[in-house]
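Next come the chains, spelled out residue by residue.
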Amino acid sequence: MRLSPVMTVMQNAAQKAVRRLLRDFNEVEQLQVSIKGPGDFVSQADLRAEQTLREELERARPGYAFLMEESGASGSENWSWRWIVDPLDGTTNFLHGLPHWAISIGLQRRNPDGSIELAAGVVYNPAAGEMFWAEKGTGAFLNERRLRVSARREMHEALFATGVPFAKVSARKREQFSHVLNALMPQVAGVRRFGSAALDLAWVAAGRYEGYWEFGLKPWDCAAGVLIVREAGGYCTAPDGTELNDLPDDVSIVAGNTKLHARLQAIVADSLKSGA
């Protein structure tokens with residue numbers, strides 16, 4: 001499949017960064033790990049991957065701004081194009097030897113009217129050999145296969161994903177999560193927690209899940225995945241239904257197929273009210 005120039009840049013950068021990540025993953029017990037906070041780790045692997053991604057993306061598109069998990073924002077505040085990068089989404093899985101982690105690269109565009117849109121996204125899980133990708137208006141793909149969200153209509157047949165709050169998450173967010181889970185569990189076939197928001201969104205796009213929700217994400221966790229879900233024919237919004245393009249620092253998200261997104265969104269919104 002012939003890729004556009006920008007998608008070629010994104011996939012090449014991800015593939016170059018992942019070479020060292022895979023070596024580190026195979027020797028994970030030898031990594032030097034510093035603790036940022038309970039349940040939130042940063043390793044040499046994160047930092048090396050982020051450096052490689054920055055170098056590759058900057059060389060190919062000089063002048064683009066960056067928002068990166070480890071090094072934060074850089075470049076012009078009045079950027080026209082901005083990379084949003086998570087060099088290792090699913091760090092805790094990685095550090096425990098679980099092969100469910102990904103590189104996530106999103107690309108935002110600022111339009112002449114000042115509005116911001118998601119233009120392209122890549123979520124790459126090298127352990128599974130899966131490159132999820134999309135550009136606005138051209139569809140979503142897994143490697144060279146076109147993606148479509150699930151067609152399931154019934155909640156009792158549906159499988160949903162989420163991120164279970166861990167130690168550093170506030171008591172309020174933990175309570176909100178419990179309200180959603182208690183409302184949803186009796187209605188559905190199952191709820192899964194795999195530990196990578198980027199891959200959760202990609203799996204909604206691939207039809208493996210009917211939907212996904214989570215509170216308190218960062219832009220780099222979800223920028224690429226939001227677009228991939230949309231381009232696969234699904235919906236990806238805030239709990240109140242607003243579109244996610246100019247991603248805030250604290251992102252709450254509801255993603256789903258065309259049949260069940262509204263029902264998941266309603267459960268999340270109602271649970272947030274009751275848990276406020």
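On a predicted model such as this, the values are computed, not experimentally measured, just so you know.

Participant: Would you take a moment to explain the overall build of the chain for this structure?
Facilitator: When its secondary structure is counted, the chain shows seven helices and 15 strands. Relative to a compact globule of 276 residues, whose C-alpha radius of gyration would be 19 Å, the chain shows 18 Å and is just as compact. The buried share of the chain, taken over its 276 residues, is 54%. For the chain, the proportion of contacts with a sequence separation of at least 24, taken over those separated by at least 6, is 65%. Accessible surface for the chain amounts to roughly 12,100 Å². Of this, 48% is attributable to carbon and sulfur atoms. For the chain, the distance from the average position of its 31 positive side-chain charges to the average position of its 33 negative side-chain charges is 3 Å.

Participant: Explain helix α4 (residues 171-184) here, please?
Facilitator: The α-helix winds at 3.6 residues per turn, so residues separated by three or four positions along the chain end up facing the same way. For α4, which comprises 14 residues, the first-to-last C-alpha distance of 20 Å matches the rise-based estimate of 20 Å (1.5 Å per residue) to within 8%. Those residues of α4 not exposed but buried are Q176, F177, V180, L181 and L184. Angularly, the buried residues of α4 cover 135° about the axis, an arc narrow enough to put them on a single face. Opposite the buried face of α4, at more than 90 degrees from it, the exposed residues are A171 and N182.

Participant: Explanation requested: the environment of L199 in the structure shown.
Facilitator: Positionally, L199 belongs in helix α5 (residues 197-205). Residues L199 and G225, spaced 26 residues apart in sequence, show a C-alpha to C-alpha distance of 7.5 Å. Setting aside residues up to four positions removed in sequence, L199 forms contacts with D89, H100, W101, A102, V123, N125 and F132.

Participant: Could you clarify how one ought to interpret the nonpolar core in this entry?
Facilitator: Across soluble globular proteins, you tend to see nonpolar side chains buried next to one another. Counting residues in each nonpolar core, the largest one holds 40 residues, and the members touching the most others are V123, F132, L147, L201, Y212, C222 and I253. Within the residue set of this core, elements represented by two or more residues are β7 (116-125), β8 (130-135), β9 (139-142), α5, β13 (211-217), α6 (219-231) and β15 (251-256). Excluding its chain neighbours within four sequence positions, the residues that come into contact with L147 are F132, A140, F141, L142, A205, A206 and A232. Of all hydrophobic cores here, the second largest spans 34 residues; its members include V28, L53, W101 and Y124.

Participant: Quick question: what am I supposed to make of the layout of surface pockets here?
Facilitator: Gaps left between atoms show up when a probe the size of a water molecule is rolled over them. Reported here for the largest pocket is a volume of approximately 900 Å³. Taken together, 40 residues make up the lining of the largest pocket; nearest its centre are F166, K168, E214, L217 and D221. At the level of elements, β2 (40-43), β5 (81-89), α3 (91-95), α4, α5, β13 and α6 are the ones that each hand at least two residues to the lining of the largest pocket. When residues in the lining of the largest pocket are grouped by element, the largest group, five residues, is from β13. Looking at side-chain class alone, the lining of the largest pocket contains 13 nonpolar, 12 polar and 15 charged residues.

Participant: Even after reading the chapter, I still don't get the packing of α5 against α6, so can you show me in this structure?
Facilitator: Two measures define how a pair of helices packs: the angle their axes make with one another and the distance between the axes. Orientation of α5 relative to α6, taken along the N-to-C sense of each, is 0°, at an axis distance of 8 Å. In terms of orientation, α5 and α6 fall into the roughly parallel class. Across the interface between the two elements, A197, A198, L201, V204 and A205 from α5 touch D221, C222, G225, V226, I228 and V229 from α6. By residue class, the composition of the contact of α5 with α6 is nine nonpolar, one polar and one charged.

Conventions adopted
- Residues numbered from 1 in each chain as written.
- Predicted model: local features only at pLDDT ≥ 70, side-chain atom pairs only at ≥ 80, totals over all residues.
- Heavy atoms only, no water.
- Helix = DSSP H or I, 4+ residues; strand = E, 2+ residues; numbered from the N terminus.
- Rg over C-alpha atoms; globule rule 2.2 N^0.38 Å.
- Buried < 20%, exposed > 50% of the residue type's maximum accessible area, 1.4 Å probe, protein only.
- Contact = heavy atoms within 4.5 Å.
- Areas by Shrake-Rupley, 256 points an atom, 1.4 Å probe, with all protein chains shown as cover.
- Lys, Arg positive; Asp, Glu negative; His and termini not counted.
- Charge placed at Lys NZ, Arg CZ, Asp CG, Glu CD.
- Expected span 1.5 Å × (residues − 1).
- Arc of directions from axis to C-beta.
- Core = buried A, V, L, I, M, F, W, Y, C linked by side-chain atoms within 4.5 Å.
- 1 Å grid on protein atoms, 1.4 Å probe; cavity = no way out; pocket = protein on both sides within 12 Å on 5 of 7 lines; lining within 4 Å.
- Points joined across faces, edges and corners; volume = space filled by probe spheres on them.
- Nonpolar A, V, L, I, M, F, W, Y, C, P; charged D, E, K, R; others polar.
- Axes fitted to C-alpha atoms, helices over the stretch in contact; angles between N-to-C directions.
- Parallel < 35°, antiparallel > 145°, perpendicular 65-115°, else oblique.

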